[in-house]
Amino acid sequence: RRPRFSWATVPVFFHSCNMSGPFSDAAIAFIAERFPLVTIEKGQGIYDATSTTTTAEERISTELARVKRANPTTTTLFYVNAVLDWPWYELHDAFEAAETLYAVDAATGAPCATDGDSSFPNSTGLASFDFSQSAARDLWTSDCANVTAALHVVSGDDDDEPSEK
């Protein structure tokens, strides 16, 4: 389903996170009412020492579910980076276990590593996924599909990169 939309007003969308923990009820109500499309970012709750959720998938899903409860017509997207392996995702553990699914420099054989957004912790030297391997594509796709299927609140995924046709 597509987001609520009208050219009668300037289209606005929400892509953010609250690194300190869950959004307040007032913030969720505002987000759900004001924005037709909502993406909760990878850093959701990473500094929340009281949280019982341990992965980005759980923290993002929890907040998206709250948005959907506040306004079922809001389109929600699950955020997962398609280039960098951020350490807060359960997906990270799966790629770490597989080891050989990361991109490597063809000339040196060294792992490809890139720095991410420095406003997040652990943002330097992030490995890149090797999507030339079907196993890497399958693992990444499976994680997205599992999260969206389990939730019944997520309208899709936001993979950080445009698809090339």
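Residues numbered from 1 in each chain as written. Predicted model: local features only at pLDDT ≥ 70, side-chain atom pairs only at ≥ 80, totals over all residues. Heavy atoms only, no water.

Visitor: Could you give me a rundown of the pairing of strand β2 (residues 37–40), with the residues and numbers involved?
Guide: Residues of β2 alternate between two faces, with Leu 37 and Thr 39 on one and Val 38 and Ile 40 on the opposite face, all of them buried. Relative to β2, strand β1 (residues 14–16) runs parallel, the two being bridged by 3 bridges. Opposite Phe 14, over in β2, you have Val 38 as the bridge partner. Following the backbone out of β1, through helix α1 (residues 25–34) and into the adjacent parallel β2, one traces a crossover that is right-handed. (Buried < 20%, exposed > 50% of the residue type's maximum accessible area, 1.4 Å probe, protein only. Helix = DSSP H or I, 4+ residues; strand = E, 2+ residues; numbered from the N terminus. Pairing = 2+ DSSP bridges. Right-handed = clockwise from strand over helix to strand, strands pointing away.)

Visitor: Describe a negative patch on the surface, with residues and values.
Guide: A cluster of acidic residues, Glu 58, Glu 90, Asp 93, Glu 96 and Glu 99, forms a negative patch at the surface. It is helix α3 (residues 90–98) that contributes the most residues to the negative patch, 3 residues altogether. By the secondary structure assignment, Asp 93 is in helix α3. (Patch = residues over 30% accessible without salt bridge, like charges linked within 9 Å, V, L, I, M, F, W, Y side chains within 5 Å. Areas by Shrake-Rupley, 256 points an atom, 1.4 Å probe, with all protein chains shown as cover. Salt bridge = Lys/Arg side-chain N within 4 Å of Asp/Glu carboxyl O. Lys, Arg positive; Asp, Glu negative; His and termini not counted. Charge placed at Lys NZ, Arg CZ, Asp CG, Glu CD.)

Visitor: So what about empty space enclosed by the protein? Which residues, and what values?
Guide: Where empty space is left can be seen by rolling a probe of water-molecule size over the atoms. A complete count under the given rule lists 1 cavity of 30 Å³ or more for this structure. By volume, the largest cavity is sized at about 30 Å³. What lines the largest cavity is simply Val 80, Asn 81, Leu 84, Asp 85, Trp 86, Tyr 89, Leu 91, His 92 and Phe 129. Here the residues of the lining of the largest cavity sort into 6 nonpolar, 2 polar and 1 charged. (1 Å grid on protein atoms, 1.4 Å probe; cavity = no way out; pocket = protein on both sides within 12 Å on 5 of 7 lines; lining within 4 Å. Points joined across faces, edges and corners; volume = space filled by probe spheres on them. Nonpolar A, V, L, I, M, F, W, Y, C, P; charged D, E, K, R; others polar.)

Visitor: Tell me about the nonpolar core, residues and numbers included.
Guide: Counting residues in each nonpolar core, the largest one holds 34 residues, and the members touching the most others are Val 38, Tyr 89, Phe 95 and Trp 140. Going through the elements one at a time, α1, β2, α2 (56–70), β3 (75–79), α3, β5 (126–127) and α4 (134–151) are the ones with two or more residues in this core. Contact partners of Val 38, with chain neighbours within four places excluded, come to Phe 14, Ile 31, Leu 64, Val 67, Thr 74, Thr 75, Thr 76 and Leu 77. (Core = buried A, V, L, I, M, F, W, Y, C linked by side-chain atoms within 4.5 Å. Contact = heavy atoms within 4.5 Å.)

Visitor: Go over α1, please, and point to the residues and values.
Guide: Within α1, the full set of buried residues consists of Ile 28, Ile 31 and Ala 32. One side of α1 carries all its buried residues, which in axial view fall inside an arc of 95 degrees. Set apart from the buried face of α1 by more than 90 degrees, the exposed residues are Ala 26, Phe 30 and Glu 33. The inward-facing, buried residues of α1 contact β1, β2 and α2. (Arc of directions from axis to C-beta.)

Visitor: Break down α3 for me, citing the residues and quoting the values.
Guide: The set of residues buried in α3 consists of Leu 91, His 92 and Phe 95. All buried residues of α3 lie within an arc of 105 degrees about the axis, which places them on one face of the element. Within two residues after α3, Glu 99 carries a phi angle of roughly 55 degrees, on the positive side.

Visitor: So, the pattern of salt bridges: which residues are in play, and what are the values?
Guide: For the structure on display, the rule yields 3 salt bridges. Note that Arg 66 and Asp 25 form a salt bridge whose closest N and O atoms lie 2.7 Å from each other. With a gap of 41 residues between them, Arg 66 in helix α2 and Asp 25 in helix α1 connect regions that are remote in the sequence. You can call Arg 66 buried: its relative accessible area is 14%.

Visitor: Give me the packing of aromatic side chains: which residues, what numbers.
Guide: A complete count under the given rule lists 11 aromatic pairs for this structure. Between Trp 86 and Phe 120 the ring centres are 5.7 Å apart and the planes differ by 70 degrees, which places this aromatic pair in the edge-to-face class. One end of the pair, Trp 86, is in the loop between β3 and α3; the other, Phe 120, is in the loop between β4 (113–114) and β5, and 34 residues separate them in sequence. Like Phe 120, Trp 86 is buried. Look at Phe 95 and Tyr 102: their rings are 5.8 Å apart centre to centre, the planes differ by 40 degrees, and that puts the pair in the tilted class. Among the residues examined, Phe 95 registers a relative accessible area of 0% and is labelled buried. (Phe/Tyr/Trp six-rings, centres within 6.5 Å; stacked < 30°, edge-to-face > 60°.)

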